[in-house]
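Listed below are the residues making up each chain.
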Amino acid sequence: MSNYQLHSNETTLSIPRIITVDSVNYYEILVKCGQVMWTVNHRYRDFADLHDRLVADRGVSKDKLPPKKVIGNKSPTFLKKRQEALEQYLKEMLIFLKVTMPREFVEFLDFHRYDIIFMVQHLACSLFLRGDAFLAKSKKYGFSVLELHAISERMKIPCPPTEAANSSYNFSHILDFCAQLETIIVLPTKNSLPTILYDDDTDKYIPHALHKPIGSSNLIPVQLRYELSAFKTLRNLIIYGAPTKNIQNVGALRETLSRIEVYKSETKQICQIALCDNVHKDAGEEELDKLKQWKNLRHAVFKENQLTAIDRTIRLFPSLKDLVLDKNKLEEIAHLSHLNNLQVLSLRCNRIAHCPNWHVQLGNLVTLNLSQNRIRMLEGLSRLYSLVNLDLSCNAIDDINEIDYIGNLPLLENLRLLGNPVAGGVDYRARVLSRFGERLQEIYLDNEKGNQTEYDMALVLSALRISAQKSQRRLHSLLDSSVVSDSAEEDDRGQGGADGDGVSQTPSTSKGASR
C-alpha cells in the first residue's frame, strides 16, 4: 500500500486520457505514491463540486479551476485543452494542500482506498460514528486484507499530523473496536469500506482473485502481510479467499480462539495455518513440543483449499472436537491420533480410496463423512465402535458384503449409501438393513428409517443368509472330517506295511542267528 506520509515528495498526479461512457466524458486521473499507483475517473462536474468545497473551506482561489463551457464542450480540441488544464489544477492543489490533505481532496483521489494513513483514518472516522451501533448488533465484523495490512502498518509508525488535528481520526477508535470483537471475517477486498457482514453462509461471499490487482491499483492481495495482534478477545476467525501465510503475528489468538475457518486460500499444508506466524514451517518433533498450542480451539474448518496431506502440526490443536477438510486433495489421513477429543471428521470431496485401520487414529469418533470419495472396501472401518453417523454416499462400493464390516458397529444409527453402485440393486434397502441383524429398526438409511415391508424382507434375507452360512460351515466341517479320516487310513496302511516287513524278516534273522 502507499504511504503518503513517507512518500509525499514522490506523489504525482496526471490525467493521461479521457474516457467516454454513454456520451459522458470522464477524466482518468493517475495517482502515483511511491511504488503504488491507481486510477480514478471523474467528470468535470465532480471537479467543480470539489473546487467549491475547497474555496469555501480551504481558502483556495476561485479562479484556479478551468471555467465551464456550455457550447462546444465536446469538441476534441476543447477536451484536450481542458484535460491539460485540469491536470495542472490537480498539481497546484496537491502543492497547496500537501500538508493538510483535507478529507474532500483525499476522497476525490481515492487515497482512502489505497493509502495506509488515509484508509485507517477513514475507518477510524466510520467507527467513531457507528462503531457502538455495530457492536450492539453483533460482535462480528468483516475486514479486507487491505484494511488489516493498513492497521498493522499504522501500528508501527508515529501519529501523523492530520490525525492529531481531528479526534475522529484517532487510531484508538480502531483499536478499541477490534478489542471488543468476537468474530472477524478476512476477505481479499470489500465493495464498500467498511462493511459489516452478518451472513453465516460463506458460499454467498464472492472471493476476489488472489493474484489480481485490487480495483484500479497495482496492489495484489496475496502480497499484503498483516497482523492479528489487535484482536484481544477474538473467539472465531474466518478467512475466506486470503492466504494464511501472510499472517505475521496472531497475538493472543492461540489462547482465545475456539473456532477457525479457512476457505479458498490456496493453503497446501496444515502448517501454513497452525504455524502461520512462524518463520520456519517445517518444525521437527522436538521443536513442535516447544511451540505454543492453540489450547482452546474446538472447531476447525479447512474447506476448499489445496491440502494434499495432514501433517504433524495438526497436534498443535489438541482440544479439537470438529475437523472439516472437505474439497481438498487428500488421499489418506495421518497424525490424527494426537486429537484425543476429536468427535466429528468430514472428508467430503477428496481422493480417498482406502481407509486401513482407521480405528487406530479415530478411536473416539462419533461422526464421519466420507461422501464423494473413491472408497470400495469398508474393512478399515470395522472397529470404529464409537461411530454413530457415517456418510459413504457417492463412492464406489459395489459389493453388498462390504456392509458386514459396519453392520456390527454397536452405536451406528445413521448411514448414507446413495450414489454407490450397490445402491442401484434390487431391494437395496432391505438387503442393507438385513446386515444389521436385530438392530435393523434402529438404523436410518439414507436419512430415513425402513418401513415394515423392508423390515420383513430384511429379516427373511437375514435368516436365509444365516442358514446359508450354517450350511456352509457344516459342509466345511464334513469336508474337514473326511480329510482327517482319509489321512488316518493312509497312516494305518503305511504302519501295517511296515509291520509285515518286520515279521517276514524276523524268522530269517533268527535262523541266521541259530546257524
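For every chain, the first residue of the written sequence is number 1, and numbering continues from 1 onward in sequence order. Local features in this predicted model are restricted to residues of pLDDT 70 or higher, and side-chain atom pairs are both shown and tallied only at a pLDDT of 80 or more, whereas totals for entire chains, interfaces and linings draw on every residue. To get the side-chain values, take all heavy atoms of the structure and skip hydrogens and water.

1. Quick notes on the overall build of the protein chain
A run of DSSP states H or I qualifies as a helix once it reaches four residues; a run of E qualifies as a strand once it reaches two. Both are numbered from the N-terminal end. Each helix and strand in the protein chain was counted, giving 15 helices and 17 strands. Only protein chains enter the accessibility calculation, which uses a 1.4 Å probe; a residue is then buried when its area is under 20% of its type maximum, exposed when over 50%, and partly exposed in between. Here the protein chain, with 515 residues, has 46% of them falling under the buried criterion. Restricting the contact set of the protein chain to residue pairs at least 6 apart, pairs at least 24 apart contribute 55%. Residue exposure ignores everything except the shown protein chains as possible cover, and the areas themselves are Shrake-Rupley values with a 1.4 Å probe. Of the roughly 26200 Å² of accessible surface on the protein chain, a fraction of 49% belongs to carbon and sulfur atoms. Any two residues having at least one pair of non-hydrogen atoms within 4.5 Å are treated as being in contact.

2. Quick notes on the confidence of the model for the protein chain
What pLDDT reports is the predictor's confidence in each residue, on a scale of 0 through 100. When the pLDDT values of the protein chain are averaged, the result is 85; 86% of them are 70 or greater. Below a pLDDT of 50 lies the segment residues 192-208, which in the model reaches 44 contacts outside its immediate sequence neighbourhood of four places, other chains included. pLDDT under 50 marks residues 500-515. Its contacts with residues more than four places away, or in other chains, come to zero contacts.

3. A closer look at the packing of aromatic side chains
Each aromatic pair joins two rings of Phe, Tyr and Trp (for Trp, the six-membered one) with centres within 6.5 Å, and gets the label stacked for planes under 30 degrees apart, edge-to-face for over 60, and tilted for any other angle. Inspection of the entire model under this criterion finds 14 aromatic pairs. With a centroid separation of 5.7 Å and an interplanar angle of 70°, the aromatic rings of Phe 111 and Phe 118 are classed as edge-to-face. Given the relative accessible area of 6%, Phe 118 is considered buried. Centre to centre, the rings of Phe 134 and Tyr 141 are 5.9 Å apart; their planes meet at 50°, and the pair counts as tilted. A relative accessible area of 13% means that Phe 134 is categorised as buried. Any Lys NZ or Arg CZ that is within 6 Å of a ring centre and within 35 degrees of that ring's normal is treated as a charge sitting over the ring. Residue placement shows Arg 82 over the ring face of Tyr 44; its charged tip is 3.9 Å from the ring centre. The ring of Phe 171 has Arg 154 lying over it, and the distance from NZ or CZ to the ring centre is 4.7 Å.

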